[in-house]
Amino acid sequence: MAEIIIVVLIVLYTGFIIYKKAKDMKKGKFCNCGRDDCPSATKCRK
Amino acid sequence: MSDELRIGFVGNPNCGKTTLFNAYTGAKLKVANWPGVTVERKEGAARYHNHIYKLIDTPGIYSLTSYSIEEKVTRKFILEEGVDVIINIVDASSLERNLYLTLQLIELGKPVIMALNMMDIVEERGMEIDLHRLPEMLGIPVIPVSARKKSGLDILMHAASHHVKEHHKEYVVVYNDEIEEKINTISLRIKEKFKDMENVRWHAIKFLEYDEEVMKKYPMDLSDIIDRSYETDIINQKYDFIEEIIDEVLVNKATKEEKTDKIDKILTNRFLGIPIFLGIMAFVFYLTFTVGDFLKGGFDIALGLISDTVSNGLSMINASQFVTSLIIDGIIAGVGGILSFLPNIFILFLALAILEDSGYMSRVAYVMDGIMGKIGLSGKAFIPMLLGFGCSVPAIMASRTLENERDRRKTILITPFMSCSAKLPIYVLFSQMFFGAHAMMAAYSMYLIGLIMAIMVAFIMSKIGEKKENISLLIELPEYKAPNARSIGIYVWEKVKDYLIKAGTTIFIASIAVWFILNIGMTGLVDNMGDSFGAMIGKLLVPILKPAGLGLWQIGVALISGFAAKEVVVSSISVLYGINNVTSISGMNSLLELLANDGFTALNAYALMIFSLLYTPCLAAVATMKKELKSAKWTAFGIVFPLVVAWLITTLIYQIGGFILWQK
């Protein structure tokens, strides 16, 4: 029983990640390193 | 009764323009792109007394010529979109540099108000600005503000609402007799042919400067008046006037050389600049290895503990071998293998953030301008390449700052050769396993090779492409300052968080996927990985990768998995060789033994590092490339070309290395 729960959780989590990644890619957000990737307030300050 | 005023915010980069804009609009703003370009446009609204002000933030520019996309959109916005008032935000601590744009804006004939920002920095330097004389000389209101402290904002809006009704001065700069005479003659001709034109004087000046956009929009034969371009004369005379202004309004101007200039004499020295940059980067990697490894010890212990605990737990519930293997050999081996590199990643980003925040990174673009010029790019193209040390995605996006489309494309295509942080786990693992005391040098050489390859490819592309005119580098070098602990802390934390999220998402899925293709074969679940689907795919690649020293099917599978994310190469190796804690000493020894059994030597390891450095970037980078290049053809080139380069260079180095070692 415990084993089944573990497998179901892994499957659900994997499905959730795939869904979220697909949704992000449709929005044009391709990965976590985004356009505001700048190391300091000076560079990011506009 | 409410009136709507359209106010444009115009100023140099880093003058505090957007900070001021945000102070007025708060969260109530709309972000889009300027029509037809990828430059961001921000619009917001603010209410002051009975007026609604529509505020438009423009990109930071140094002048109103039409060289860069930013200058073009700002100029077009002012001339064609019916701006009622321009608020020219000026950095008071760099008044001389900012005034050039101010003069150009006034010449446009539109109502201009100067918002004099950063007065606190002026005071810190012991200088003073004569706030009576400055508006007299410019003929426009000058309002001291502090965008950061939100002071002067109401007065500025009050001035904007009143100034729009006043007469607008165009004659801020009176040029010499020759030019003024030509301006008058051209103005008369313009009024004859284009009766409805506004800003006649400005257009006349633009004709004298041979401004392409103006000449194209208003074709006129002025060959009897204009014998040559007067652009240089006009610029020089503007700067003469600026010098007059500075002499009159700036009191106690700093006469002794500032600290920044002294440091720049060394760091941007023509001969020392590049060696110093390479030395600093070597030091960064030294810290990444030594300090990172010191911190990694704790991670290895923790991961070992987690692995044992989970394994025991699964035994207690009598979990099947399938599930146990999936969790221990797949998920924990894959994800854990990546998490243990977190300390190295942390140190790398901390060092890069310190360099950036101190002001040094801007100097690197300046220092590299000479070399970049020889490969047909400006030093500005080095900034995206520098960002590539962190991640290719923002690096590719940063190419938007380049004016020329061909330069943008070239930069996008070579940036992935710069070694991103995702490749660091590959270098750390293999260099430590195979190169011992020389591990750091082996890894550092990857960064050098990546840089050299990027430069070489750009050089070849510049020879093949059409010749273009040289564009001078105009870059702002901020003052050196002590890095701000808070902003660095925030940035490094963001990077750590991104890494953890990536481990828990992309790498999690990739580890499961790799585990499945290595444990499922034609007959279903397999006992021997060599019979799996993964092995079949890997074995297809062996003949191709063998000349490059990568003739093991496991390596082929690991490299394919690297398309998801480069870190997955290490995760895959962990799964492929069934090693849970691959970065621990015992893990590395086990892996070393297994690889050695397959004839994998230090030369093969170096070949793997080079191939990982150069081959096709990850899916996210390719997707970003496609978005920025807007061309399926060039995106396909961006996928295939690095693959071919990686194979060629790796094969060359492996074969030459093998020959040298055989000779010994």
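The structure presented is a predicted model; accordingly, all values stated were derived computationally and were not measured.

How each quantity is defined
- Residues numbered from 1 in each chain as written.
- Chains lettered and ligands numbered in written order.
- Predicted model: local features only at pLDDT ≥ 70, side-chain atom pairs only at ≥ 80, totals over all residues.
- Heavy atoms only, no water.
- Helix = DSSP H or I, 4+ residues; strand = E, 2+ residues; numbered from the N terminus.
- Buried < 20%, exposed > 50% of the residue type's maximum accessible area, 1.4 Å probe, protein only.
- Areas by Shrake-Rupley, 256 points an atom, 1.4 Å probe, with all protein chains shown as cover.
- Contact = heavy atoms within 4.5 Å.
- Disulfide = S-S within 2.5 Å.
- Patch = residues over 30% accessible without salt bridge, like charges linked within 9 Å, V, L, I, M, F, W, Y side chains within 5 Å.
- Salt bridge = Lys/Arg side-chain N within 4 Å of Asp/Glu carboxyl O.
- Polar contact = N/O pair within 3.5 Å; in protein donor to acceptor, adjacent residues only side chain to side chain.
- pLDDT = per-residue confidence, 0-100.
- Right-handed = clockwise from strand over helix to strand, strands pointing away.
- Axes fitted to C-alpha atoms, helices over the stretch in contact; angles between N-to-C directions.
- Left-handed = near helix turned anticlockwise from the far one by under 90°.
- Parallel < 35°, antiparallel > 145°, perpendicular 65-115°, else oblique.
- Nonpolar A, V, L, I, M, F, W, Y, C, P; charged D, E, K, R; others polar.
- Phe/Tyr/Trp six-rings, centres within 6.5 Å; stacked < 30°, edge-to-face > 60°.
- Lys NZ or Arg CZ within 6 Å of the ring centre and 35° of its normal.

Engineer: What exactly am I supposed to notice about the overall build of chain A here?
Structural biologist: The secondary structure content of chain A amounts to 2 helices and 0 strands. Counting every position in chain A, which comprises 46 residues, the buried fraction comes to 30%. Split by element, the accessible area of chain A, about 3,200 Å² in all, is 70% carbon and sulfur.

Engineer: Just to check I follow, could you spell out the overall build of chain B for this structure?
Structural biologist: Check the secondary structure of chain B and you find 30 helices and 11 strands. Sorting the 664 residues of chain B into buried and exposed places 56% on the buried side. Sequence separation of 24 or more characterises 73% of the internal contacts of chain B that already satisfy a separation of 6 or more. Summing over all exposed atoms, chain B offers an accessible surface of approximately 29,200 Å²; the carbon and sulfur share of this is 61%.

Engineer: Got a minute to help me understand the state of the cysteines in this structure?
Structural biologist: All names here are of chain B. A full pass over the atoms with the stated rule returns 0 disulfides over all chains. With no disulfide partner, Cys420 has as its closest neighbouring cysteine sulfur the one in Cys391, 6.4 Å distant. Given a relative accessible area of 9%, Cys420 falls into the buried group.

Engineer: Hey, could you run me through unusual backbone geometry in this one?
Structural biologist: Glycine aside, negative phi is the norm for most residues, and most peptide bonds take the trans geometry. Residues and elements named next belong to chain B. Of note, the phi angle at Asn199 is positive, near 55°, even though the residue is not glycine. Its location among the elements puts Asn199 in the loop between helix H7 (177–193) and helix H8 (200–208). Overall, the relative accessible area of 11% leaves Asn199 in the buried class. Even without glycine at this site, Lys630 takes up a positive phi of about 55°. Among the secondary structure elements, Lys630 is positioned in the loop between helix H29 (619–629) and helix H30 (632–663).

Engineer: Sorry if this is basic, but what is going on with a nonpolar patch on the surface here?
Structural biologist: Residues and elements named next belong to chain B. Judged by side-chain polarity, Ile517, Met522, Phe533, Met536, Ile537, Ile560, Phe563, Ile639, Val640, Leu643, Val644 and Leu648 come together as a nonpolar surface patch covering roughly 970 Å² of accessible area. Among the secondary structure elements, those contributing two or more residues to the nonpolar patch are helix H24 (533–545) and H30. By residue number, the principal contributor to the nonpolar patch is H30, which donates 5 residues. Note on Val640: relative accessible area 46%, which makes it partly exposed.

Engineer: Sorry if this is basic, but what is going on with the pattern of salt bridges here?
Structural biologist: Oppositely charged side chains may form a pair once their charged atoms are brought near each other. Residues and elements named next belong to chain B. For the structure shown, the criterion picks out 19 salt bridges over all chains. Here Arg133 makes a salt bridge to Glu136, at a shortest N to O gap of 2.9 Å. With Arg133 and Glu136 both in helix H5 (residues 133–138) and 3 residues apart, this pair spans about one turn of that helix. Overall, the relative accessible area of 53% leaves Glu136 in the exposed class. Measuring nitrogen to oxygen at the nearest pair gives 3.1 Å for the salt bridge that ties Glu628 to Arg408.

Engineer: Explanation requested: the side chain of Ser445(B) in the structure shown.
Structural biologist: All names here are of chain B. Within the secondary structure, Ser445 sits in helix H21 (residues 439–464). Judged by relative accessible area, Ser445 falls into the buried class, the value being 15%. Within polar-contact distance, the side chain of Ser445 engages the backbone oxygen of Ala442 at 2.5 Å.

Engineer: It is not clear to me how the confidence of the model for chain B should be interpreted in this structure. Could you clarify?
Structural biologist: Predicted coordinates in areas of low pLDDT are best not read in detail. All names here are of chain B. Scored by pLDDT, chain B comes out at a mean of 85, with 93% of its residues at no less than 70. Of all secondary-structure elements in chain B, the lowest mean pLDDT belongs to strand E2 (residues 29–33), at 57, while helix H28 (residues 602–614) reaches the highest, 96. Both scores are available for the predicted complex, with the pTM at 0.69 and the ipTM at 0.77.

Engineer: Would you mind going over the pairing of strand E5 (residues 85–91) of chain B with me for this structure?
Structural biologist: Consecutive residues of a regular strand have side chains that alternate between opposite faces of the sheet. All names here are of chain B. The buried count for E5 comes to 7 of 7 residues, which makes it a mostly enclosed element. The alternating pattern of E5 places Val85, Ile87, Ile89 and Asp91 on one face and Ile86, Asn88 and Val90 on the opposite face, and all of these are buried. Viewed along the sheet, the connection from E5 through helix H3 (residues 95–107) into strand E6 (residues 112–117) turns out right-handed.

Engineer: Please explain the packing of helix H23 (residues 506–519) of chain B against helix H26 (residues 568–576) of chain B as it appears in this structure.
Structural biologist: If you want to describe how two helices pack, look at the angle between their axes and the distance between the axes. Residues and elements named next belong to chain B. The N-to-C vectors of H23 and H26 enclose an angle of 35°; their axes lie 10 Å apart at closest approach. Judged by the sense of rotation from one axis to the other, the crossing of H23 with H26 is right-handed. Contacts from Ile507, Ala510, Ser511, Val514, Trp515 and Leu518 of H23 reach H26 at Val568, Ser571, Ser572, Val575 and Leu576.

Engineer: What's the story with the packing of helix H20 (residues 424–435) of chain B against H28(B) in this structure? I'm lost.
Structural biologist: Residues and elements named next belong to chain B. Orientation of H20 relative to H28, taken along the N-to-C sense of each, is 170°, at an axis distance of 9 Å. Taken together, H20 and H28 sit at an angle that is classed as roughly antiparallel. For the pair H20 and H28, the crossing hand works out as left-handed. For the pair H20 and H28, contact is made by Ile426, Tyr427, Phe430, Ser431, Phe434 and Phe435 and by Ala602, Ala605, Tyr606, Leu608, Met609, Ser612 and Leu613, respectively. Within the contact of H20 with H28, the residues separate by chemical class into 11 nonpolar, 2 polar and no charged.

Engineer: So what exactly am I meant to see when it comes to the packing of aromatic side chains here?
Structural biologist: Each aromatic ring pair is described using two quantities: the centre-to-centre distance and the angle formed by the ring planes. All names here are of chain B. Following the criterion strictly, the structure yields 24 aromatic pairs over all chains and no others. Between Phe9 and Tyr24, the ring centres sit 6.1 Å apart and the planes meet at 75°, which makes this aromatic pair edge-to-face. One end of the pair, Phe9, is in strand E1 (residues 3–11); the other, Tyr24, is in helix H1 (residues 17–25), and 15 residues separate them in sequence. By relative accessible area, which is 0% here, Phe9 ends up buried. Relative to Phe382, the ring of Phe277 lies with its centre 6.0 Å away and its plane at 80°, an arrangement referred to as edge-to-face. With Phe277 in helix H12 (residues 273–316) and Phe382 in helix H17 (residues 382–387), this pair connects stretches of sequence that are 105 residues apart. Taking relative accessible area as the criterion, Phe277 reaches 2% and is therefore assigned buried. Owing to a relative accessible area of 0%, Phe382 belongs among the buried residues under this scheme. Among the aromatic residues, those joined into a cluster by ring pairs are Phe285, Phe389, Tyr427, Tyr444 and Tyr447. Over the face of the ring belonging to Phe349 we find Lys495, whose NZ or CZ atom lies 5.2 Å from the ring centre.

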